[in-house]
Protein chains: 2
Amino acid sequence: MDVRTLCLGVLTLGDASGYEIKKKLEEEFAHFYDASFGSIYPALNKLQTEGMVDCTYEAQSKRPDKKVYNLTSEGRLALVKELSDHPSPDRIRSEFIVMMLFARLLPASHVSQVIDDRIASFEKSINKFQALCDGKNSGTSLFVSGYGVAIYETAMKYLQENRHLVEAEALLAQVQDNRINEFDAAD
Amino acid sequence: MDVRTLCLGVLTLGDASGYEIKKKLEEEFAHFYDASFGSIYPALNKLQTEGMVDCTYEAQSKRPDKKVYNLTSEGRLALVKELSDHPSPDRIRSEFIVMMLFARLLPASHVSQVIDDRIASFEKSINKFQALCDGKNSGTSLFVSGYGVAIYETAMKYLQENRHLVEAEALLAQVQDNRINEFDAAD
DNA sequence: TTATCCATGTAAGAAGTTACATGATTGA
DNA sequence: TCAATCATGTAACTTCTTACATGGATAA
């Protein structure tokens, strides 16, 4: 799955410009997939040459023209085919977790700060998903935003209840380092 | 954060070869970061030319030589500096979630199969993290594997309890498609 | 005998990000 | 006046994956 497929998918929800597709991704797919303009615009142009999408220009006063894309039947077929493969495993890239694993190398205060920030950002995500839940009628969107709420709530609660494990280790390592430094200083 | 940083991190746990670093990543960092040999070996070579790691050859009978790397003080410093930045938000790429969002385009049976598979794979992940929990003494590893258990358990439970939302929509769309096809056939 | 583990490496290519260019509009 | 929103696009660059090359040992 790539940005092209994602664009086709968004277009099943209605005609849209590249800019609108990007916005839709930020709202709807929040946290589960993202793409930049630098990948969306070329993808749409390529999809057009391949006949997967049609494009009509919408002139706008006081704004650049809008290129509104709509899915062709070939495009819809290609999307369904793409979605029919079994999904590859989720790919997660968490700098936060890596940092936690090496917490003993860092100042304890910094570790605490990072955890505080992470909890705050989880809270934001939960609110965002919650708002999405409330505004949604379709079963699938409800399912996905509910999934987001469930996972981020668990993650947040876990951090609150278990942060001491990491913080204790960071603190211990720091104390030991200081002791060594004191020994060094004493020499 | 990139593969280079990850290699430096693993080397704080003890000297290791590229191959061993890869294995360690698969065990310890499972699901939160991964890297292929094709990125690890070049990263280690570059780190060596930069003086971040030393390398000693270990001749092995009946096996190729092993290049065992160990962290230099510059390497440790660079790692700490890298980890001192605030971690960027987790990046998740979930084909599964995208597929759920477009479930209405797919055969209901296929959707059900995909959810079954996902539940099974979550179960595997939980067992893996659980085993990791049991085998670990350090607070940080316990924290991280516990985090994995908590999240995957939530995800699994959520799928079990809410899969009907997606399955119903896929089924409904399918029935409507069939109805249209019947109309078409009647013409 | 077939696959998997051990062990390192390279080269080609995919896929994306970042930064830039352009430029008016609107809200703080 | 400063930032953000709308709107599209390109080019350079980064980063990683995949596939290949090599080859003995071991387990099913």
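These figures come from a predicted structure and were not determined experimentally. (Residues numbered from 1 in each chain as written. Chains lettered and ligands numbered in written order. Predicted model: local features only at pLDDT ≥ 70, side-chain atom pairs only at ≥ 80, totals over all residues. Heavy atoms only, no water.)

Attention shifts here to the overall build of chain A. From N to C terminus, chain A includes seven helices and three strands. Compactness check: chain A gives a C-alpha radius of gyration of 23 Å against a globular reference of 16 Å for 187 residues, more than 25% above the reference. Seen through its principal axes, chain A has C-alpha atoms that stretch 75 × 40 × 35 Å. Burial statistics for chain A: of 187 residues in total, 47% are counted as buried. Taking all contacts inside chain A whose residues are at least 6 apart in sequence as the whole, residues at least 24 apart take part in 56%. The averaged location of the 28 negative side-chain charges in chain A is 6 Å from the averaged location of its 21 positive side-chain charges. (Helix = DSSP H or I, 4+ residues; strand = E, 2+ residues; numbered from the N terminus. Rg over C-alpha atoms; globule rule 2.2 N^0.38 Å. Buried < 20%, exposed > 50% of the residue type's maximum accessible area, 1.4 Å probe, protein only. Contact = heavy atoms within 4.5 Å. Lys, Arg positive; Asp, Glu negative; His and termini not counted. Charge placed at Lys NZ, Arg CZ, Asp CG, Glu CD.)

The next point concerns the nonpolar core. Counting 117 residues, the largest nonpolar core has Met 100, Tyr 147 and Leu 159 of chain A together with Met 100, Tyr 147 and Leu 159 of chain B as the members making the most contacts within it. In terms of residues, this core owes the most to one element, helix α7 (residues 139-186) of chain A, which gives 14 residues. Setting aside anything within four residues of it in sequence, one finds Met 100 of chain B in contact with Thr 140, Phe 143 and Val 144 of chain A together with Val 111, Val 114, Ile 115 and Val 166 of chain B. (Core = buried A, V, L, I, M, F, W, Y, C linked by side-chain atoms within 4.5 Å.)

Glancing now at the protein's contact with DNA strand D. Around DNA strand D sit 21 residues, and of these Tyr 19, Tyr 41, Gln 60 and Lys 67 of chain A together with Ser 36 of chain B come closest. Across the atoms of DNA strand D situated within 4 Å of the protein, the share located in sugar and phosphate is 67%. Between Tyr 19 of chain A and DNA strand D, the recorded distance is 2.9 Å, taken from a side-chain N or O atom to a phosphate oxygen. For DNA strand D, a phosphate oxygen lies 3.5 Å from a polar atom in the backbone of Val 3 of chain B. Of all the secondary structure elements, the ones that give two or more residues to the surface near DNA strand D are α2 (18-28), α3 (37-49) and β2 (66-71) of chain A together with α3 (37-49) of chain B. Split into classes, the residues belonging to the surface near DNA strand D amount to six nonpolar, seven polar and eight charged. (Near = heavy atom within 4 Å. Polar contact = N/O pair within 3.5 Å; in protein donor to acceptor, adjacent residues only side chain to side chain. Nonpolar A, V, L, I, M, F, W, Y, C, P; charged D, E, K, R; others polar.)

Before going further, it helps to spend a moment on the protein's contact with DNA strand C. Ser 36 of chain A together with Tyr 19, Gln 60, Lys 66 and Lys 67 of chain B are the nearest of the 20 residues found near DNA strand C. Of everything in DNA strand C that lies within 4 Å of the protein, sugar and phosphate atoms constitute 72%. Within the side chain of Lys 67 of chain B, a nitrogen or oxygen atom sits 2.4 Å from a phosphate oxygen of DNA strand C. Elements represented by at least two residues in the surface near DNA strand C include exactly α3 of chain A together with α2 (18-28), α3 and β2 (66-71) of chain B. With three residues, the top contributor of residues to the surface near DNA strand C is β2 of chain B. Grouping the constituent residues of the surface near DNA strand C by class yields six nonpolar, seven polar and seven charged.

Right, let's talk about the domain arrangement of chain A for a bit. All names here are of chain A. Partitioning chain A into domains gives domain 1 (3-84) and domain 2 (95-186). Summarising the inter-unit geometry, the C-alpha centres of domain 1 and domain 2 are found 35 Å apart. With six residues of domain 1 at the contact, the number on the domain 2 side is nine residues. Between domain 1 and domain 2, the buried area comes to about 620 Å², and carbon and sulfur atoms account for 63% of it. (Domains from an automatic or database assignment. Buried area = accessible area lost by both parts, 1.4 Å probe.)

A few words on the packing of aromatic side chains. A full pass over the atoms with the stated rule returns 18 aromatic pairs over all chains. Measuring from centroid to centroid gives 5.6 Å for Phe 37 of chain A and Tyr 41 of chain A, while their planes differ by 15°, and the two rings are stacked. Highlighted residues: Phe 37 of chain A and Tyr 41 of chain A, both in helix α3, separated by four residues, approximately one helical turn. Centre to centre, the rings of Phe 122 of chain B and Tyr 152 of chain B are 5.5 Å apart; their planes meet at 50°, and the pair counts as tilted. Highlighted residues: Phe 122 of chain B in helix α6 (residues 108-135) and Tyr 152 of chain B in helix α7 (residues 139-186), separated in sequence by 30 residues. For Phe 122 of chain B, a relative accessible area of 4% puts it in the buried group. Each member of the aromatic cluster is reached from another via a ring pair, and the members are Phe 32, Phe 122, Phe 129, Phe 143, Tyr 147 and Tyr 152 of chain A together with Tyr 158 of chain B. Between Lys 22 of chain A and the ring centre of Phe 37 of chain A, over which it is positioned, the NZ or CZ distance is 5.3 Å. (Phe/Tyr/Trp six-rings, centres within 6.5 Å; stacked < 30°, edge-to-face > 60°. Lys NZ or Arg CZ within 6 Å of the ring centre and 35° of its normal.)

Let us now look at the relation of the copies chain A and chain B. With an axial shift of 0.0 Å and an RMSD of 0.1 Å, the rotation relating chain A to chain B amounts to 180°. The symmetry that links the two subunits is that of a two-fold axis. Taking the C-alpha atom as reference, chain A places Ile 92 of chain A closest to the rotation axis, 2.3 Å from it. Comparing contact sets, 100% of the residues at the interface of chain A also lie at the interface in chain B, consistent with an isologous, same-surface contact. (Least-squares fit on C-alpha atoms with pLDDT ≥ 70 in both.)

Moving on, we come to the interface of chain A and chain B. Contact residues are listed per partner, giving 65 residues for chain A and 65 residues for chain B. Taking both sides of the interface into account, the surface hidden between chain A and chain B amounts to around 6,600 Å²; carbon and sulfur atoms contribute 68%. Considering only the surface of chain A that becomes buried against chain B, Arg 93, Glu 95 and Phe 143 of chain A emerge as the three largest contributors, covering 12% of it. If you look at where chain A meets chain B, you find four salt bridges. (Salt bridge = Lys/Arg side-chain N within 4 Å of Asp/Glu carboxyl O.)

Overall, the coordinates contain 18 salt bridges over all chains when judged by the stated rule. Arg 93 of chain A is paired through a salt bridge with Asp 34 of chain B; the nearest N and O atoms lie 3.5 Å apart. One end of the pair, Arg 93 of chain A, is in strand β3 (residues 91-93); the other, Asp 34 of chain B, is in the loop between α2 and α3, on a second chain. Owing to a relative accessible area of 40%, Asp 34 of chain B belongs among the partly exposed residues under this scheme. Residue Glu 50 of chain B pairs with Lys 46 of chain B through a salt bridge whose shortest N-O separation is 3.9 Å. One continuous salt-bridge network, built from bridges that share partners, spans Arg 4, Lys 46 and Glu 50 of chain A.

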